[in-house]
Amino acid sequence: MDDDVWDVVIVGGGTAGLTTAIMCASRKLKTLVLEGGVWGGLPATMYPSKVIPNYPGFPEGISGIELVRKWIRGARDNPHIIMKRERVLKIEKGGVVKTEENEYHGKTVVIATGTRPRELGIPGEAKFNRKDKGVYYYVTHREKFIDNRVLVVGGGDTAVDAALDLVDLAKEITIIHRKDRFRALDENVHRMEQSSNITILLNTELEEIKGTDKVEEVILLNNKTGEKKVLPVDMVVLAVGLKPHTEMFTELGVETDDRGYIITDRMQRTNVEGVFAVGDIVKGAFRLLIVGAAHGAVASQKIYEYIRKPYWAGEDEK
Ligand code: NAP
């Protein structure tokens, strides 16, 4: 495969990046996918063993990692796709993509950089959030939590899923949320409320994480009463939302909202010619795997039209 100019350079090898690659290859577009971290994105890192209940076609459900394996196999076995483990540093106008090792040129570029867990920025977090010292941003290896006292922070689906996921393993679980009700799926909140092993503290914030070599206790603040209390815990799961990976396209001039999510049209085109965006990095996208895959299908069609200029291009937009 001549790799001077690619039809498509896809930045990010998560759900949306891999499925965009597979769809582009079905159009025989010469496709390069670049991933600096783990292939598969969030389903591979955040919830590999979780059964995904809402990815159609798998009535018994399918785990995050199984889906990722299928996408990787589909991309790797395809003669039109090359996958490279390289961290992208910068995307420039004119389809230039610079990595730590190389510079690539694409007729089109697809930004599929997704999101990563947000940090809370409280005292003690940075001291314990590496090398298994007790602060985590998601539950990947459930067995690590066996017989431990766990604090989960957050009111969204990630937090509630984490608490439910650990209910049979942890010694005790406390979940705190800064509001007086959860934003997670009602059904799961209800399951959590029924569990005798989960203590729910609302209107509560985490102020500090303390310990010598590992997490030993946390300081909680009730934001209604102002009361503080010390809770002994072994592990803290911070599930306080996601933030977009924006570093590599800040100078490209793609339009974003004030949080850094990319604004696209219905066809996944950004305001910069030849640059598309797919998946969780897109403003307003439902953060579901099926939506990332659907973005890939739409983008690949429009990339094909942009490059090959078939006589029917744009008919669906009239
Ligand atoms: P999220 O829905 O944005 O929830 C983040 C939670 O953290 C919110 O409750 C937020 O509080 C809280 N928070 C944010 N900053 C905080 C701070 N500084 N201090 C204390 N609390 C703070 O994030 P997520 O739960 O990771 O979910 C991300 C997306 O993935 C969502 O669309 C979610 O529905 C989806 N998801 C779905 C599933 C599923 O379908 N089962 C599973 C996981 C994730 P406020 O409520 O006050 O803003």
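A quick note: this is a predicted structure, and the numbers were derived from the prediction, not measured.

What to know about the pairing of strand S6 (residues 88-92)
The side chains of a regular strand alternate, first on one face of the sheet and then on the other.
Consideration 1: Both S6 and strand S7 (residues 96-99) contribute to a ladder of four bridges, which runs antiparallel. What sits directly across from Val88, in S7, is Thr99.
Consideration 2: Between S6 and S7, which pair antiparallel one after the other, the connecting turn spans three residues, and Gly94 there sits at a positive phi close to 85 degrees.

Notes on the side chain of Glu305
Consideration 1: Mapping Glu305 onto the fold places it in helix H7 (residues 289-308).
Consideration 2: Judged by its relative accessible area of 7%, Glu305 falls in the buried class.
Consideration 3: Among the polar contacts listed, one links the side chain of Glu305 to the backbone nitrogen of Gly314, at a separation of 2.9 Å.

Brief notes about the site of the ligand
Consideration 1: The environment of the ligand is formed by 18 residues, the closest being Asp157, Thr158, Arg178, Lys179 and Arg183.
Consideration 2: Protein burial of the ligand: of its 910 Å² of free accessible surface, 75% is covered by the chains.
Consideration 3: Residue contributions to the shell around the ligand peak at three residues, all from helix H5 (residues 157-165).
Consideration 4: For the shell around the ligand, the class distribution of residues is four nonpolar, six polar and eight charged.
Consideration 5: Both domain 1 (5-116 + 242-317) and domain 2 (119-238) contribute no fewer than three residues apiece to the shell around the ligand.

Details of the nonpolar core
Consideration 1: Core analysis: the biggest nonpolar cluster contains 31 residues, and Met83 and Ile303 have the highest contact counts within it.
Consideration 2: When contributions to this core are tallied by element, the ones reaching two or more residues are strand S1 (6-11), helix H1 (15-26), helix H3 (64-76), strand S5 (81-84) and H7.
Consideration 3: When residues in this core are grouped by element, the largest group, six residues, is from H7.
Consideration 4: Residues Tyr136, Ala163, Leu166 and Met235 belong to the second largest nonpolar core, which totals 23 residues.

Points about the pairing of S7
Consideration 1: Across three bridges, the pairing between S7 and strand S8 (residues 103-111) is antiparallel. Among the inter-strand pairings, Val96 is bridged to a residue of S8, identified as His105.
Consideration 2: Between S7 and S8, which pair antiparallel one after the other, the connecting turn spans three residues.

Describing the domain arrangement of the protein
Consideration 1: Examined at the domain level, the protein breaks down into domain 1 (5-116 + 242-317) and domain 2 (119-238).
Consideration 2: Inter-centroid distance (C-alpha atoms) of domain 1 to domain 2 is 33 Å.
Consideration 3: The interface is formed by five residues belonging to domain 1 together with six residues belonging to domain 2.
Consideration 4: Roughly 460 Å² of surface becomes buried between domain 1 and domain 2 when both sides are summed, with 52% attributable to carbon and sulfur atoms.
Consideration 5: The tally of links from domain 1 across to domain 2 stands at one salt bridge.
Consideration 6: Between Asp161 and Lys50 there is a salt bridge; the shortest N-O distance is 2.8 Å.
Consideration 7: Run the count over domain 1 and domain 2 and you get one residue pair in polar contact (both at pLDDT 80 or more).
Consideration 8: A breakdown of the residues in the side of domain 1 that touches domain 2 according to their chemical character gives two nonpolar, two polar and one charged.

Considering a positive patch on the surface
Consideration 1: A contiguous patch of positive charge, built from Arg118, Arg178, Lys179, Arg183 and Lys243, is present on the exposed surface.
Consideration 2: One can find Arg183 in the loop between strand S12 (172-176) and helix H6 (186-194).
Consideration 3: A residue is classified by how much of its surface remains accessible, and Arg183, at 71% relative accessible area, is exposed.

Looking at the environment of Thr108
Consideration 1: Tracing the backbone through its elements, the reader meets Thr108 in strand S8.
Consideration 2: On a C-alpha basis, the gap between Thr108 and Lys30 in space is 11 Å, while along the polypeptide they are 78 residues apart.
Consideration 3: In this structure the side chain of Thr108 is engaged in a polar contact, spanning 2.8 Å, whose partner is the backbone oxygen of Asp7.

Some remarks on H5
Consideration 1: Taken residue by residue, H5 has Ala159, Val160, Ala162, Ala163 and Leu164 as its buried positions.
Consideration 2: Against strand S11 (149-153), S12, H6, strand S13 (198-201) and strand S17 (235-238) lie the buried residues of H5.

Some words on the environment of Ala277
Consideration 1: By secondary structure assignment, the location of Ala277 is in strand S19 (residues 275-277).
Consideration 2: Since its relative accessible area comes to 0%, Ala277 is described here as buried.
Consideration 3: Residue contacts for Ala277: discarding those within four places in its chain leaves Ile111, Ile262, Thr264, Gln268, Thr270 and Val282.

Looking at the sheet that holds strand S14 (residues 204-210)
Sheet strands associate in pairs through backbone hydrogen bonding, adopting either a parallel or an antiparallel arrangement.
Consideration 1: Pairing is antiparallel across the open sheet formed by three strands, whose spatial order is S14-S15-S16. Both edges of this open sheet fall to S14 and strand S16 (228-232), since each of them pairs with a single strand only. Neighbour to neighbour, the strand axes of the sheet diverge by 30 degrees on average, direction disregarded.
Consideration 2: Pairing analysis gives five bridges linking strand S15 (residues 217-222) to S16, with the strands arranged antiparallel. Residue pairing across strands places Val218 opposite Leu231, the latter belonging to S16.

So, how was this worked out
- Residues numbered from 1 in each chain as written.
- Predicted model: local features only at pLDDT ≥ 70, side-chain atom pairs only at ≥ 80, totals over all residues.
- Heavy atoms only, no water.
- Pairing = 2+ DSSP bridges.
- Helix = DSSP H or I, 4+ residues; strand = E, 2+ residues; numbered from the N terminus.
- Buried < 20%, exposed > 50% of the residue type's maximum accessible area, 1.4 Å probe, protein only.
- Polar contact = N/O pair within 3.5 Å; in protein donor to acceptor, adjacent residues only side chain to side chain.
- Near = heavy atom within 4 Å.
- Areas by Shrake-Rupley, 256 points an atom, 1.4 Å probe, with all protein chains shown as cover.
- Nonpolar A, V, L, I, M, F, W, Y, C, P; charged D, E, K, R; others polar.
- Domains from an automatic or database assignment.
- Core = buried A, V, L, I, M, F, W, Y, C linked by side-chain atoms within 4.5 Å.
- Contact = heavy atoms within 4.5 Å.
- Buried area = accessible area lost by both parts, 1.4 Å probe.
- Salt bridge = Lys/Arg side-chain N within 4 Å of Asp/Glu carboxyl O.
- Patch = residues over 30% accessible without salt bridge, like charges linked within 9 Å, V, L, I, M, F, W, Y side chains within 5 Å.
- Lys, Arg positive; Asp, Glu negative; His and termini not counted.
- Charge placed at Lys NZ, Arg CZ, Asp CG, Glu CD.
- Axes fitted to C-alpha atoms, helices over the stretch in contact; angles between N-to-C directions.

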